[in-house]
Amino acid sequence: MRLAGLNKNDFTDGGGVCVSLWVQGCPHHCPECFNPETWDFEGG
Ligand code: SF4
């Protein structure tokens, strides 16, 4: 598994303070995707 990002003190993506991680590689290519930089399976 490749990581696209890690935030150890995330105040915006959950309730309270949390750890968030984003994984790299997506085959869907949705037109309204906020994170197209995560599509590449070789990135991260
Ligand atoms: S929104 Fe972006 S990351 Fe989520 S499934 Fe669609 S293309 Fe993939």
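Look a little higher up for the structure.
Throughout what follows, the structure given in this document is the object of discussion.

About the cut-offs
Residues numbered from 1 in each chain as written. Predicted model: local features only at pLDDT ≥ 70, side-chain atom pairs only at ≥ 80, totals over all residues. Heavy atoms only, no water. Helix = DSSP H or I, 4+ residues; strand = E, 2+ residues; numbered from the N terminus. Contact = heavy atoms within 4.5 Å. Areas by Shrake-Rupley, 256 points an atom, 1.4 Å probe, with all protein chains shown as cover. Near = heavy atom within 4 Å. Nonpolar A, V, L, I, M, F, W, Y, C, P; charged D, E, K, R; others polar.

1. Considering the overall build of the protein chain
Piece 1. Looking only at helices and strands, the protein chain features zero helices and two strands.
Piece 2. Counted over contacts in the protein chain with a minimum sequence separation of 6, partners at least 24 positions apart contribute 11%.
Piece 3. With an accessible surface of roughly 3,700 Å², the protein chain has 57% of that area assigned to carbon and sulfur atoms.

2. Regarding the environment of Leu-6
Piece 1. Turning to its location among the elements, Leu-6 is positioned in strand E1 (residues 3-10).
Piece 2. Once the C-alpha coordinates of Leu-6 and Gly-25 are considered, the two residues, 19 residues apart in sequence, prove to be 15 Å apart.
Piece 3. In this view, Leu-6 contacts Val-19, Ser-20, Leu-21 and Trp-22; residues no more than four positions away in its chain are not counted.

3. A closer look at the site of the ligand
Piece 1. Taken together, Cys-26, His-28, His-29, Cys-30, Cys-33 and Trp-39 are the residues near the ligand.
Piece 2. Tallied by class, residues from the shell around the ligand come to four nonpolar, two polar and no charged.

4. As for the environment of Lys-8
Piece 1. Turning to its location among the elements, Lys-8 is positioned in strand E1.
Piece 2. Each C-alpha atom, one on Lys-8 and one on Ser-20, is 6.5 Å from the other, the two residues being twelve residues apart in sequence.
Piece 3. Leave out the neighbours within four places in its chain, and Lys-8 touches Cys-18 and Val-19.

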